[in-house]
Amino acid sequence: MSKRLDQPTNANAPDNELSRLRARDVVRDEGVTSLQALQRVLYRSAKQDPTRRFHALHEKLTRSDVMWQAWINVSTNQGAPGVDGVSIESIVATGYEGVTSFLDELGTEVKTETYRPLPLRRVNIPKAGKSGETRPLGIPAVRDRVLMSATKLILEPIFEAQFSPASFGFRPKRSAHDALEVIRQSANAGAHWVLDADIKSCFDEIDHEALMALIERRVSDRAMLKLLRSWLRAGIIEGGVYSDSDSGTPQGSPISPLLCNIALSVLDEALAKAPSQTGKMVRFADDWVVLCPTKQRAEVARSIAEVALAPLGLRVHPDKTRIVHLTRGAEGFDFLGFHLHMVESWKWPGHYYLQRWPSKRAMASLRTKVRAMTDRRYVGLSLKTFR
């Protein structure tokens with residue numbers, strides 16, 4: 001989505017006029033593609049009526065523009081093959097006709113509701129900056145990733161309309177640097193107590209029924225809900241052994257960040273209801289902090305978060321969650337690959353401002369990558385080898 005979803009044709013037009021716009025009208029009046037027009041109409045409809053539940057979404061998945069954009073997203077992102085061994089490269093090698101045939105076949109399965117997802121291929125990848133530690137990653141088959149991406153294109157505008165401004169992760173027109181800027185402004189304004197929180201195994205422990213209940217607030221299309229459930233219950237294959245998926249979202253899939261944001265919107269809502277008791281929340285996917293003027297309010301924020309997360313089957317990590325005191329550089333904390341610390345101004349002694357620099361973990365991860373790329377076995381090779 002190259003433009004904001006909520007950008008209206010006429011800024012002075014009333015909401016009820018905007019809601020009546022059809023996608024073809026948006027294409028004509030705003031000069032966008034048919035897919036962008038569909039997304040804008042979905043966003044505006046959801047924004048105008050926060051209680052509206054959307055139907056007839058499943059049929060939009062097989063639109064040629066939706067499927068083709070989904071394929072572009074998946075192929076651009078690359079990624080390893082799933083349990084079926086089919087890679088993106090093998091599909092691209094068949095040429096335009098082969099890709100079209102692949103998408104048509106997938107679309108036919110969706111239309112006839114004969115589509116069934118394959119289990120995820122579980123691999124363990126190294127944790128950045130943590131030697132010897134790994135984290136599990138579930139890799140869907142390419143065909144499943146394409147359909148997940150198509151579903152995200154349709155559902156994202158609907159849920160984007162209700163997401164909190166405190167959420168920055170994996171959302172259009174929002175970035176990690178936007179989140180860090182909000183933290184800087186809040187800390188410099190006097191919020192010197194920080195609840196630096198961590199959710200224990202967020203992607204692995206989200207309760208399926210609780211997540212689906214949140215999705216059903218805005219989606220009533222039974223076929224779409226059935227499709228989402230099938231991905232949650234697809235199961236995992238690791239070392240040739242199959243196991244069921246009783247909880248969690250398919251981390252590593254295109255739709256996983258959206259599902260995470262939908263689930264954790266409960267946390268955003270809970271803390272937004274008590275700003276005078278807590279402070280300023282900033283969340284990037286499952287990483288989040290709350291900046292408060294007092295230690296007591298940071299403790300209240302932690303209590304509210306624990307209560308809000310419990311119905312989702314989630315819990316605040318007892319060992320990785322702490323309350324940090326920033327005043328006069330007493331303590332600092334790591335967030336989104338940066339270390340944030342109050343530093344005394346050289347121009348105005350006695351005045352402290354929040355500064356940031358790459359965290360030790362981020363630097364260790366970068367050094368590991370540089371070390372691997374400059375290994376002795378690469379001496380004498382052309383730089384083109386690494387492109």
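Residues take numbers from 1 onward in each chain, read along the sequence in its written order. Where local features are concerned, this predicted model is filtered to residues with pLDDT of at least 70; where side-chain atom pairs are given and counted, the filter is 80 or more; whole-chain, interface and lining totals use all residues. Note that the side-chain values use all heavy atoms of the structure and ignore hydrogens as well as water.

**Concerning the nonpolar core**
Then comes step 1: Only buried residues count toward a nonpolar core, which is a set of Ala, Val, Leu, Ile, Met, Phe, Trp, Tyr and Cys residues joined through side-chain atoms within 4.5 Å. Exposure is judged per residue with a 1.4 Å probe applied to protein chains only, and the accessible area is read against the type maximum: over 50% gives exposed, under 20% gives buried, and values in between give partly exposed. Core analysis: the biggest nonpolar cluster contains 74 residues, and L57, W71, V146, I215 and W288 have the highest contact counts within it.
Then comes step 2: Elements are defined by DSSP. Helices are runs of H or I of four residues or more, strands are runs of E of two residues or more, and each kind is numbered from the N terminus. The biggest single contributor to this core is helix α7 (residues 142-160), with 10 residues.
Then comes step 3: In this description, contact between two residues means that some pair of their heavy atoms is separated by no more than 4.5 Å. Excluding anything up to four places from it in sequence, W288 contacts L195, D196, A197, I199, L267, L271, M281, V282, R283, A305, V316 and F335.
Then comes step 4: Of all hydrophobic cores here, the second largest spans 19 residues; its members include V182, I183, M342 and L354.

**With respect to the pattern of salt bridges**
Then comes step 1: Note on definitions: salt bridges are taken to be side-chain nitrogens of Lys or Arg within 4 Å of carboxyl oxygens of Asp or Glu. According to the stated counting rule, one finds 19 salt bridges in the structure shown.
Then comes step 2: A salt bridge links R171 to E160, with the nearest nitrogen and oxygen atoms 2.6 Å apart. A residue pair is termed long-range when its members are at least 10 positions apart, and R171 in the loop between α7 and α8 (176-188) and E160 in helix α7 qualify at 11 residues.
Then comes step 3: Taking the shortest distance from any N to any O, the salt bridge between E181 and R184 comes out at 2.6 Å. Residue E181 and its partner R184 are located together in helix α8, separated by 3 residues, close to a single helical turn.
Then comes step 4: Residue E181 is classed as partly exposed on the basis of its relative accessible area, which comes to 28%.

**Notes on helix α11 (residues 222-232)**
Then comes step 1: Among the residues of α11, those classed as buried are A223, M224, L225, L227, L228, W231 and L232.
Then comes step 2: Residues of α11 that are buried sit in contact with α7, α10 (208-215) and α12 (256-272).
Then comes step 3: For the purposes of these results, a polar contact is taken to be a pair of N or O atoms within 3.5 Å, where, inside protein, one atom must be able to donate a hydrogen and its partner to accept one; residues adjacent in sequence count only when each atom of the pair is a side-chain atom. Looking at where α11 begins, the residue whose side-chain oxygen comes 3.0 Å from the main-chain nitrogen of A223 is D221.

**Let's talk about the sheet that holds strand β3 (residues 193-198)**
Then comes step 1: Taken in spatial order, the 4 strands line up as β6-β7-β3-β8 in an open sheet, and their pairing is antiparallel. The open sheet terminates on both sides in strands that have one partner only, identified here as β6 (280-284) and β8 (322-325). Pairs of neighbouring strands in the sheet enclose a mean axial angle of 20 degrees, with direction left out of account.
Then comes step 2: Two strands qualify as a pair provided DSSP detects at least 2 bridges between them. One ladder, built from 6 bridges, connects β3 with strand β7 (residues 287-292); its direction is antiparallel. Within β7, the position partnered with W193 by the bridge is C292.
Then comes step 3: Each axis is a line fitted through C-alpha atoms, and for a helix only the stretch in contact is used; angles between axes span 0 to 180 degrees, taken between their N-to-C directions. Set on the sheet, α8 makes contact with β6 and β7; between it and β6 the angle comes to about 160 degrees.

Function-wise, these values are silent; they only describe arrangement.
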